[in-house]
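# Fold and contact review
The residues making up each chain are set out below.
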Amino acid sequence: MEIGVWLGFLLLVGLMLALDLGVFNRRPHVIKAKEALLWSAFWILLSLLFNTAIYFAYAHNWLGIGSDIGQQLGGKQAALQFFTGYLVEKSLSLDNIFVIAVIFAYFKVPAIYQHRVLFWGIVGAVVLRGAMIVAGAALIARFKWMTYLLGGVLIATAVKMLVTRHETVAPGKNPFVRLVRRWYRVSPDYAGQHFFTRLNQHRAITPLFVVLLVIESTDVVFAIDSIPAIFAVTSDPFLVFTSNIFAILGLRSLYFALAAMMDKFRYLKHSLVFVLTYVGAKMILTHHYPIPTMTSLVVIASLLAAGMLASLHAGHRDPVPIASPLPGGAEAGTESPANERHA
């Protein structure tokens, strides 16, 4: 039954992704702000509905949840931990948006193809984070000192985030990009939404695939930050995994909804620094002074709200010109020569 529950959740995720790419976004198009906001609302609503299911599943031990699967938690406690973990992951994913915008601008990815890159980036992130969560849960269960180490990593990440500017990100220097370009042919132009093409009768990858590699590799860095953060909220592997995945699923629509106006939230990054510092300290103190989940939820929500309100106030007082990081419109796609074939 335990394997069935995990497989059932993965099947749900796979079904939603299949509907997203195969039905609702079957034809490539530029994602407008209104469409992105509606999709963001859909993913948030779906997460809240799943959180309701978490409450009843842990309260009544449906399918062994809360007894054979996960930890023995009450429905209210489990739902609160899921929601707090989801909020932490959702807030940290905002920093991903800055970096994704820089990557798309650097490679001049046409807006019409950005959704496809993010879709497959999400698929890779689900697999990657699933493996990291399994490993993290095993390490924390076996080694008590891991909580101190991971808490220290979060605080160090907060300091790094405070002093690092997103403009310093250099996608072209990414080691994965250098390795791929050394061992595989890369076409000079985009070939529509294809990741592979033919170049002089030889199989080659397109710049779009290079962008996908960069996004996947940067997600590894973000996962190192975000996964310890959610373990500071709950050590239940099922809650860790499901809340993390639901936060990731909404990342694409959140990007298209917010990327063009992220400059308005100039103090949001400072809020994320304080959030990471708080959850890092919480993790370090967990064996000595455990902080209730409700307290964490209030603190994290207050920090995020403070950053957004300060940003809005500063925007009214001292507005700054906003340069959209969404490069190129639908017409920006560079089609490949007619003598090339695409895969």
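Quick note: structure is the one above.
Heads up: these notes are all about the structure in this document. (Residues numbered from 1 in each chain as written. Predicted model: local features only at pLDDT ≥ 70, side-chain atom pairs only at ≥ 80, totals over all residues. Heavy atoms only, no water.)

## A look at the environment of K90
Along the chain, K90 falls in helix 3 (residues 75-107). Residue classification places K90 among the buried positions, given a relative accessible area of 14%. Sequence separation of K90 and F246 is 156 residues, and the distance between their C-alpha atoms is 8.8 Å. Residues in contact with K90, not counting those within four places in the same chain, are A247, G250 and L254. (Helix = DSSP H or I, 4+ residues; strand = E, 2+ residues; numbered from the N terminus. Buried < 20%, exposed > 50% of the residue type's maximum accessible area, 1.4 Å probe, protein only. Contact = heavy atoms within 4.5 Å.)

## Quick look at empty space enclosed by the protein
Using a probe with the size of a water molecule, rolled over the atoms, empty space left in the structure can be pinpointed. For the structure shown, the criterion picks out three cavities of 30 Å³ or more. Of the volumes computed, that of the largest cavity is approximately 270 Å³. Taken together, the elements giving at least two residues each to the lining of the largest cavity come down to helix 3, helix 4 (111-142), helix 7 (207-231) and helix 8 (237-249). Considering each element in turn, the lining of the largest cavity owes the most residues, eight residues, to helix 3. Residues that form the lining of the largest cavity fall into these classes: 14 nonpolar, five polar and six charged. Counted as a void, the second largest cavity has a volume near 80 Å³. (1 Å grid on protein atoms, 1.4 Å probe; cavity = no way out; pocket = protein on both sides within 12 Å on 5 of 7 lines; lining within 4 Å. Points joined across faces, edges and corners; volume = space filled by probe spheres on them. Nonpolar A, V, L, I, M, F, W, Y, C, P; charged D, E, K, R; others polar.)

## Here's the deal with the pattern of salt bridges
According to the stated counting rule, one finds two salt bridges in the structure shown. Where E89 meets R129, a salt bridge forms, and the shortest distance between an N and an O atom there is 3.7 Å. Of this pair, E89 sits in helix 3 while R129 is found in helix 4, placing the two residues 40 residues apart along the sequence. Across this residue pair, the class does not change: E89 and R129 are buried. A salt bridge links R129 to D219; the nearest nitrogen and oxygen atoms lie 2.8 Å apart. With R129 in helix 4 and D219 in helix 7, this pair connects stretches of sequence that are 90 residues apart. (Salt bridge = Lys/Arg side-chain N within 4 Å of Asp/Glu carboxyl O.)

## Details of the side chain of S91
Positionally, S91 belongs in helix 3. Once you skip the residues sitting within four places of it in the chain, S91 turns out to touch L272 and L304.

## Re the packing of aromatic side chains
According to the stated counting rule, one finds 22 aromatic pairs in the structure shown. Aromatic side chains F50 and F246 sit 4.8 Å apart centroid to centroid with 40 degrees between the ring planes, which places their arrangement in the tilted category. One end of the pair, F50, is in helix 2 (residues 33-60); the other, F246, is in helix 8, with 196 residues separating them in the sequence. Among the residues examined, F246 registers a relative accessible area of 3% and is labelled buried. Judged by centre distance (6.1 Å) and plane angle (15 degrees), the ring pair of F56 and W62 falls under stacked. For F56, a relative accessible area of 35% translates into the label partly exposed. Three or more aromatic residues joined by ring pairs form one cluster here, namely W6, F9, F50, F82, Y86, F238, F241 and F246. (Phe/Tyr/Trp six-rings, centres within 6.5 Å; stacked < 30°, edge-to-face > 60°.)

Geometric values such as these leave the question of function open.
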